[in-house]
Amino acid sequence: MGQDVWKVDDTKEDGFEPAELIDEMEAKEHLHFRRWMHKRGIGLIGCEIRNCPQKGRGIFASKSITKGQTVVSVPDDAVLMPHTSSIAEALEREKLCNSSGDAQKEVVGLILAVMAERCYDNSRWSSYWDLLPDIDELGDMPVFWDQEDLQPLRNTPMAEKLSGKWPMTGCHVEHPTQVEELFDTLVKPFCSKGHVLEWEHRTKQQQRCLYLWATAVVSAYSFTLGEDKFQAMVPLWDMLNHVTGQCNVRLHHSSKQEALQMITTKPIKQGDEIINNYGPCSDSELLRRFGFIEHQPNPHNGCEIPCAMLVARCQEHMHPSGGKQTSSDAAHSSSNKVFLQKKVQFIQKHGLVPSDGWFKADVLGQPQDEMIEVVRLLLLTPAEFTAFEKQVDRWQCPLARPLTQMTSICHQVPHIIRAVATERLAALAEPCTANDQASNEHMNGFRRTAAQQVLLIERRALLGLQLWLDKHDSTSLINCSKKVWMHLR
């Protein structure tokens, strides 16, 4: 069997050319979607949509395409966002729209919008939902894995982000995260007010399945648009697949045409795939957010260390607890926490913490320079930190720190990072229990392969981080720390 192809043809009466499809049901869904695209003014220029083995759907060049050509165009009014949905007023009242300024809540707002529109027969996006994958097709996304499937991945960044472990104030982990907590605290209370059709008539299992489906769809198919970072579902854009390092289009908004466009960044030969870029994602992130891993070496692979864990371990190192506390000890402990929070605010103010709160080390174990500098700052005494803070305020660009200020504490920095790496490696290296063996037998082929690959990459990178720390002396670490501040303010 060849690839299933359907494409726009402006010479046809309804704007589309019929094509051979797998079965009658899929043919009907495709026909409705093609007509809906035509009605909403969604354009696919010089391209066609194919069903491909292992990838699902993708967009391919039906002819040679030059650089700078628009290949996909989606009018603004065809884009679904919380504030354009049929429940916009309710979402706005509950502060689940972009105006709230809370990225996590806006993502939940989009999930709720997708749930509501999916259940509404007269939704403006009804034909769009019919073409999106159902739960069975999305089953490889870890959000659908049961505890038995997730057991081998316990203590990995993928599993910890999924559950919301190691939260960092001011940081935003891309969805899906805190899946169960958000269902209980935001989704169920909102839906119980009647904003999602027939919610109360659904069983608890049906309610949860609808929520998980919408969560997976938003995670795998939504976009973040513009400087205001609107969360949005963009029909047809979401059919472009990702292959690391092979992106050949860029996203663009045309205010003149009031449309979102995909524009080619290089010439594309007939038959080649139009490839988007989902971001610099490791296999662990690709699995958690999109439900797949790369089939080729991924340059973004490595290990991840939560900033919140480094903060906690630095606090324990500076102020170890133990024994019975007096009232004076309690007051001192409270003061330490306040000062620690001041340090955290400082490192976030100066952009030293990644947006998701997780530092990275590459496949060879080399950590981000910012991780070294953050640990150094967290280990400063109050007097040292206050002096450094004032010095930063006085510095002109480019910044250059006096080396003498760092040498007295630098030997503690690798100690903390190594201790955290060792702790995380030990959690991954726990002996395979009978439960793990049973879980491996229970998992399907893809889940087993993906879990093994994610674990192997994480373990190797953590070992590499330990070796990297062993090979680099204080001067090397100071230079890494110094580079962080060599920028224009």
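Residues numbered from 1 in each chain as written. Predicted model: local features only at pLDDT ≥ 70, side-chain atom pairs only at ≥ 80, totals over all residues. Heavy atoms only, no water.

A. Inspection of the overall build of the chain at higher detail. From N to C terminus, the chain includes 18 helices and 14 strands. Taking all 489 residues of the chain together, 51% fall into the buried category. Sequence-distant contacts in the chain: of pairs separated by 6 or more residues, those separated by 24 or more amount to 73%. Roughly 23900 Å² of accessible area belongs to the chain as shown, and the carbon and sulfur atoms make up 50% of that amount. (Helix = DSSP H or I, 4+ residues; strand = E, 2+ residues; numbered from the N terminus. Buried < 20%, exposed > 50% of the residue type's maximum accessible area, 1.4 Å probe, protein only. Contact = heavy atoms within 4.5 Å. Areas by Shrake-Rupley, 256 points an atom, 1.4 Å probe, with all protein chains shown as cover.)

B. Up close: the sheet that holds strand S10 (residues 249-254). Spatial strand order, S3-S6-S11-S10: 4 strands in an open sheet with antiparallel pairing. With partners counted over all chains shown, the strands left at the sheet margins are strand S3 (43-44) and S10, one partner each. Across 6 bridges, the pairing between S10 and strand S11 (residues 259-264) is antiparallel. Note that in S11 the partner of His253 across the bridge is Leu260. (Pairing = 2+ DSSP bridges.)

C. Here's a closer look at the pattern of salt bridges. The full count for this structure, using the stated rule, is 20 salt bridges. Across the pair Glu94 and Lys193 runs a salt bridge, and its minimum N-O distance is 2.9 Å. Taken as a pair, Glu94 in the loop between helix H2 (88-93) and helix H3 (103-119) and Lys193 in helix H7 (residues 179-195) lie far apart in primary sequence, 99 residues in all. With a shortest N-O distance of 2.9 Å, Arg418 and Asp470 are connected by a salt bridge. Placement of Arg418 in helix H15 (residues 412-428) and of Asp470 in helix H17 (residues 445-471) is noted, with a sequence separation of 52 residues between them. (Salt bridge = Lys/Arg side-chain N within 4 Å of Asp/Glu carboxyl O.)

D. Representation of the confidence of the model for the chain within the structure. On average, residues of the chain carry a pLDDT of 86, and 85% of them reach 70 or more. When the criterion is pLDDT under 50, residues 1-22 qualifies, and its contacts beyond four places in sequence or with other chains add up to 50 contacts. (pLDDT = per-residue confidence, 0-100.)

E. Quick peek at the packing of aromatic side chains. Taken as a whole, this structure holds 14 aromatic pairs when the rule is applied. Measuring from ring centre to ring centre gives 6.4 Å for Trp129 and Trp213, while their planes differ by 80 degrees; the resulting arrangement is edge-to-face. Of the two residues, Trp129 sits in helix H4 (residues 126-131) while Trp213 sits in helix H8 (residues 204-221), which places them 84 residues apart along the sequence. Judged by relative accessible area, Trp129 falls into the buried class, the value being 2%. We classify Trp213 as buried; its relative accessible area is 6%. A network of ring pairs unites the aromatic residues Phe33, Trp36, Tyr128, Trp129 and Trp213 as a single cluster. When the ring centre of Phe60 is taken as origin, the NZ or CZ atom of Arg50, which lies over that ring, is 4.6 Å away. The ring centre of Phe388 lies 5.0 Å from the NZ or CZ of Arg376, which sits over that ring. (Phe/Tyr/Trp six-rings, centres within 6.5 Å; stacked < 30°, edge-to-face > 60°. Lys NZ or Arg CZ within 6 Å of the ring centre and 35° of its normal.)

F. Examining the side chain of Glu458 more closely. If you trace the backbone, Glu458 turns up in helix H17. With no salt bridge to any partner, buried Glu458 finds its closest opposite charge in Arg424, at an N-O distance of 4.8 Å. At 3.3 Å, the side chain of Glu458 forms a polar contact with the backbone nitrogen of Glu304. (Lys, Arg positive; Asp, Glu negative; His and termini not counted. Polar contact = N/O pair within 3.5 Å; in protein donor to acceptor, adjacent residues only side chain to side chain.)

G. Spotlight on H3. The end-to-end C-alpha distance of H3, which contains 17 residues, comes to 25 Å, matching closely the 24 Å that a straight helix rising 1.5 Å per residue would cover. Within H3, 14 of the 17 residues are buried, leaving the element largely enclosed by the surrounding structure. The residue sitting at the N-terminus of H3 and contributing the capping side-chain oxygen is Asp102; that oxygen lies 3.0 Å from the backbone nitrogen of Gln104. (Expected span 1.5 Å × (residues − 1).)

H. Focus on the environment of Gln345. The residue Gln345 is located in helix H11 (residues 327-349) in this model. Sequence spacing of Gln345 and Thr169 is 176 residues, and the spatial spacing of their C-alpha atoms is 9.2 Å.

I. Representation of the nonpolar core in the model. Core analysis: the biggest nonpolar cluster contains 138 residues, and Ile59, Val72, Leu112, Met115, Met233, Leu236 and Ile274 have the highest contact counts within it. Non-local contacts of Met233, meaning those with residues more than four positions away in its chain, are made with Val79, Leu80, Leu110, Val114, Tyr128, Leu132, Val217, Val218, Tyr221 and Ser222. (Core = buried A, V, L, I, M, F, W, Y, C linked by side-chain atoms within 4.5 Å.)

J. Local environment of unusual backbone geometry. Across the junction of His175 and Pro176, the peptide omega takes the value 5 degrees, indicating a cis bond. For Pro176, the location among the structural elements is in the loop between helix H6 (157-163) and H7. Of note, the phi angle at Glu198 is positive, near 60 degrees, even though the residue is not glycine.

K. Layout of the packing of helix H10 (residues 307-318) against H15. Where H10 meets H15, the closest approach of the two axes is 10 Å, and the angle between their N-to-C directions is 120 degrees. Here H10 lies oblique to H15, going by the angle between them. With respect to the hand of their crossing, H10 and H15 are arranged in right-handed fashion. On H15, the residues touching Met309, Leu310, Arg313, Cys314 and His317 of H10 are Gln412, His415, Ile416, Val420, Glu423 and Arg424. (Axes fitted to C-alpha atoms, helices over the stretch in contact; angles between N-to-C directions. Parallel < 35°, antiparallel > 145°, perpendicular 65-115°, else oblique. Left-handed = near helix turned anticlockwise from the far one by under 90°.)

L. The arrangement of the pairing of strand S6 (residues 70-75) in detail. Most of S6 sits out of view: 5 of its 6 residues are buried. Where S3 and S6 come together, 2 bridges link them in antiparallel fashion. Residue pairing for S6: Gly43 is matched across the bridge by Ser73. Examined bridge by bridge, S6 and S11 share 5 bridges and lie antiparallel to one another. Considered in S11, the bridge of Thr70 is made with Ile263.

M. Structural detail: the pairing of S11. The buried fraction of S11 is high, at 6 of 6 residues. Taking every second residue as pointing to the same face, both faces of S11 are buried, with Ala259, Gln261 and Ile263 on one and Leu260, Met262 and Thr264 on the other. Between the end of S10 and the start of S11, which pair antiparallel, lie 4 residues, with Glu258 showing a positive phi angle near 50 degrees.

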